[in-house]
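# Architecture at a glance
In case you want the letters, here they are:
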Protein chains: 2
Amino acid sequence: MADHLMHDNDDGTLVDQVMQTVRQRMAGRALLPGAKLPSIRGLASSMGVSKSTVVEAYDRLAAEGAIRPKRGSGFYVAGRLPPLSLAEISPRLDRAVDPLWVSRQSLEAGEGVLKPGCGWLPASWLPEESLRRSLRALARADAATLADYGTPLGLPALRHLLSRRMAEHGIEAAPEQIMLTESGTQAIDLLCRFLIEPGDTVVVDDPCYFNFHALLRAHRAKIVSVPYTPSGPDVALFEQVLIEHRPRLYITNSALHNPTGATLSPVMAHRLLKLAEQAGLTIIEDDIFADFEQEPAPRLAAFDGLERVVHIGSFSKTLSASVRCGFIAARPDWIEGLSDLKIATSFGASRLSAEFVLGALKDGTYRKHMDGLRGRLSRAMGETAAKLKTIGIEPWIMPRAGMFLWCRLPEGLDAGEIAQRVLVEGIVLAPGNAFSLSQSAGRFLRFNVAQSDDPRIFHALEKAMRQ
Amino acid sequence: MADHLMHDNDDGTLVDQVMQTVRQRMAGRALLPGAKLPSIRGLASSMGVSKSTVVEAYDRLAAEGAIRPKRGSGFYVAGRLPPLSLAEISPRLDRAVDPLWVSRQSLEAGEGVLKPGCGWLPASWLPEESLRRSLRALARADAATLADYGTPLGLPALRHLLSRRMAEHGIEAAPEQIMLTESGTQAIDLLCRFLIEPGDTVVVDDPCYFNFHALLRAHRAKIVSVPYTPSGPDVALFEQVLIEHRPRLYITNSALHNPTGATLSPVMAHRLLKLAEQAGLTIIEDDIFADFEQEPAPRLAAFDGLERVVHIGSFSKTLSASVRCGFIAARPDWIEGLSDLKIATSFGASRLSAEFVLGALKDGTYRKHMDGLRGRLSRAMGETAAKLKTIGIEPWIMPRAGMFLWCRLPEGLDAGEIAQRVLVEGIVLAPGNAFSLSQSAGRFLRFNVAQSDDPRIFHALEKAMRQ
């Protein structure tokens, strides 16, 4: 936040700036009434000011009545509950571990910041040359491609290619069952708009990709979670949840689970689909890591034939996150309603992005690039796991592929505090509770092995763990 | 719809295909329970089948109980109300004039289809060469630009440029008050998510851009409308609406109103802002046609200083609709909450799109292109108005600039029926009631003068008006 702030009041004193930051977080709904403010130590270090500056700022805000001190337990936001806020996701957590913290820190990180907690590959790991070739080809495309809107479902040639690629994973989806979106996230957002009403219950894995929490909160959904095991969600507890909460929707990853790197087993997949059928549950299978897979893993959409499973994907992880392009594969009779919603809320996805992605995917070098990338990731996975073990951080499992290592800290350490401590040294971690609805992952961290080669990361971790 | 359909059952008979189309529209929520089905004549012509085929299909669907005939008034969808559907916008209208009809027809129109009803310029009117130059430059950009995510607010250089451009319209917005979005539509969508709760009331102009209706329905807002005069909304009625309905939000265009081409007068602007202040109303000023303006017109955001007015724009109308890029300029204390929502629901806008737009805007030829475009549009405006008058279609006003002519048909003619008739000949019109919440624009059509140079349009209109 600090960088916005510097712009907003260049002439403010440090205390004013801290007060302004807190006011902005409250106004911007990052801090809800009743929410605990960041610890004095935490805010001081994340803003790079002294603790006494934060103390002074908090005292003045308390004098204004904006915040309330609670004896022995820090400061809390005063006032009544405002309209929808994503911070509602975690009313009793400060910004440090709310579900958007990791995203914001990773997206805002300047040059030189190390991001072992970030959810994507370094640009240098992506197929730079085929991206350039694709752009040069686009520069020669016809005027309509350069300047006109796409069709409601999106570039037919890309939908045909996606249909063939999904077939390789056993998923039968005709091009007419595929709709392009701006991103995998927008795909899930559109499906939530189409499938759930405010107040409906949605099941997620615990842990799961933290943005599912933020997204579902934006839809005013009730969120319940089921513990994730190395072979999928705990089916017994999943069944209980279906009975107790009657959810409308379940959002998950099958082949490479985020953050754990686990893979759904065929047995689990069948059980899940049987339960879903009995309960009339729809499942969104988020498969954006598909191309990282080494050996074929089961896909719910393949077993189910896109009856009650909706399959989504994107190209941000393997091709480029700078271009936004994702897709939905769903039952044919849902596509028109989904594209109506897409037109109403974004007037369609980018034709240029779709052409750009198509060009890069069709580039002869793409499969070769992915083969190399898989090898590079599995080497980095081994190396990162080894380095972490030497400082006492243990992987929960060794994933079959992908970029994520879900790791446990030694007894007595809090991942949120560690994350705050190393942030001061320009290192962004992904603390476990950002992924956990039950807040039961306080000892876990998610590491991106492609962003973890710098030794400073492990030195800083070791130091922070000793503090 | 017909094209999807042909893919979905290549081996189906014509009757089956018609039945399938209707089933898909019902399943896809384009046709709600209780909604009137398209007239037999209308569907026969839009699908290019005989009336007897449609009669047979309707009879079989009625036999299935999927639809119900009503003596003398056609067929209606049977069954109970499903979850949210954008077709709820117009439960008693068939697809022909629901708010998404024009968009869908325009977006799906194949080669050779004429689109005087469409809301954007032909690709050939856009700055093709500077778009190509921008893409060639992008192909040489650094790896991060090609492959990495953008920052939460979006490309700083573009936000600085936008800040300077808004200043030319008297709008003071610091780069930190500007957030890039995927499109102007997504900008409004995010603002609705941030500012309104389901059930809140929102005011729109009558007529207004039809997609406002669809978008607000997706947010489950109550929509009320105020008649639009040649100098802005009817202020007396606007005040009544504020008192009776206590709306949270008003969405409008100031400089070049869509569909009427009218311009808000300074007097009206001041009255509106005074009323908004008294009522605690927030105003979204959609200014996507800004660059078409000939003489400077008042902007609500300029008078208000972005206190209760949020200013939005995009580049789809003047640069390229193939790349998706829009922006929000709002009060500083709203920006963090808005970017949290953007990350949660789309994980940020495209960095590549922003770089592409920046490149084209900075291209020395852009202002020259816009000067030429304004002249070309005003010539086309005069020519189209003249041609329409010769066949008895009268412009409501002659706009000061832009691409739209809002025109009245002779007494006794229905724009929706005319639109259906000419669609058979491959001509997409924009019937007035698609823009009118009160459905009081049944005699109006919106013409895009940049899409109206083909004489076949006027021959087909003349013929359809004589039928």
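Residues numbered from 1 in each chain as written. Chains lettered and ligands numbered in written order. Predicted model: local features only at pLDDT ≥ 70, side-chain atom pairs only at ≥ 80, totals over all residues. Heavy atoms only, no water.

A word on the relation of the copies chain B and chain A. After a rotation of 180° and a shift along the axis of 0.1 Å, chain B superposes on chain A with an RMSD of 0.2 Å. Such a combination of turn and shift is consistent with a two-fold rotation axis. Both copies contact each other with a shared surface, as 100% of the interface residues of chain B are interface residues in chain A too. (Least-squares fit on C-alpha atoms with pLDDT ≥ 70 in both. Contact = heavy atoms within 4.5 Å.)

A separate point is the pairing of strand 4 (residues 201–206) of chain A. All names here are of chain A. Of all six residues that make up strand 4, six are buried, and the element is covered over most of its length. In terms of strand pairing, strand 4 meets strand 5 (residues 222–229) through six bridges, oriented parallel. Of the residues in strand 5, the one forming a bridge with D205 is V226. Chirality of the crossover, the property in question, places the unit of strand 4, helix 10 (residues 210–218) and strand 5 among those that are right-handed. Bridge count between strand 4 and strand 7 (residues 249–252): three bridges; the pairing is parallel. Residue V203 lies in a different strand from strand 7, and its bridge partner there is Y250. (Buried < 20%, exposed > 50% of the residue type's maximum accessible area, 1.4 Å probe, protein only. Helix = DSSP H or I, 4+ residues; strand = E, 2+ residues; numbered from the N terminus. Pairing = 2+ DSSP bridges. Right-handed = clockwise from strand over helix to strand, strands pointing away.)

Let's shift gears to the pattern of salt bridges. A complete count under the given rule lists 44 salt bridges over all chains for this structure. Here E168(A) makes a salt bridge to R367(A), at a shortest N to O gap of 3.1 Å. Of this pair, E168(A) sits in helix 8 (residues 156–168) while R367(A) sits in helix 16 (residues 366–390), and the two are 199 residues apart along the sequence. R367(A) matches E168(A) in its accessibility class, with the two residues each being exposed. Here the salt bridges share partners, and the residues they tie into one network are D189(A), R193(A), D189(B) and R193(B). (Salt bridge = Lys/Arg side-chain N within 4 Å of Asp/Glu carboxyl O.)

Turning our attention to the side chain of T345(B). For T345(B), the location among the structural elements is in helix 14 (residues 332–346). Residue T345(B) is classed as buried on the basis of its relative accessible area, which comes to 2%. Of note is the side chain of T345(B), whose polar atom sits 2.7 Å from the backbone oxygen of L341(B). Residue contacts for T345(B): discarding those within four places in its chain leaves T185(A), Q186(A), D189(A), L215(A), A218(A), L190(B) and R193(B). (Polar contact = N/O pair within 3.5 Å; in protein donor to acceptor, adjacent residues only side chain to side chain.)

Moving on: the environment of P69(B). All names here are of chain B. As for its position among the elements, P69 is in strand 1 (residues 67–70). A C-alpha to C-alpha distance of 9.7 Å links P69 and L37, two positions 32 residues apart in sequence. Once residues within four sequence positions are removed from consideration, P69 is found in contact with A62, G74 and F75.

With that settled, consider the interface of chain B and chain A. At the junction of the two partners, chain B supplies 90 residues and chain A supplies 90 residues. Taken together, the two surfaces of chain B and chain A that pack against each other cover about 7,400 Å², and 58% of this comes from carbon and sulfur. Taken together, chain B and chain A are joined by six salt bridges. At 11 residues, helix 14 of chain B tops the list of elements feeding residues into the side of chain B that touches chain A. Residue composition of the side of chain B that touches chain A, by class: 41 nonpolar, 23 polar and 26 charged. (Buried area = accessible area lost by both parts, 1.4 Å probe. Nonpolar A, V, L, I, M, F, W, Y, C, P; charged D, E, K, R; others polar.)

Another aspect to go through is the packing of aromatic side chains. Using the criterion set out here, one finds 28 aromatic pairs over all chains in the structure. Ring centres 5.2 Å apart and planes at 70° place the aromatic pair Y149(B) and F347(B) in the edge-to-face group. Taken as a pair, Y149(B) in the loop between helix 7 (143–147) and helix 8 (156–168) and F347(B) in the loop between helix 14 and helix 15 (351–362) lie far apart in primary sequence, 198 residues in all. By relative accessible area, F347(B) is classed as buried at 5%. Ring pairing ties together the aromatic residues Y209(A), F210(A), F212(A), W406(A), F435(A) and F444(A), which thus form one cluster. The ring of W125(B) has R376(B) lying over it, and the distance from NZ or CZ to the ring centre is 3.8 Å. (Phe/Tyr/Trp six-rings, centres within 6.5 Å; stacked < 30°, edge-to-face > 60°. Lys NZ or Arg CZ within 6 Å of the ring centre and 35° of its normal.)

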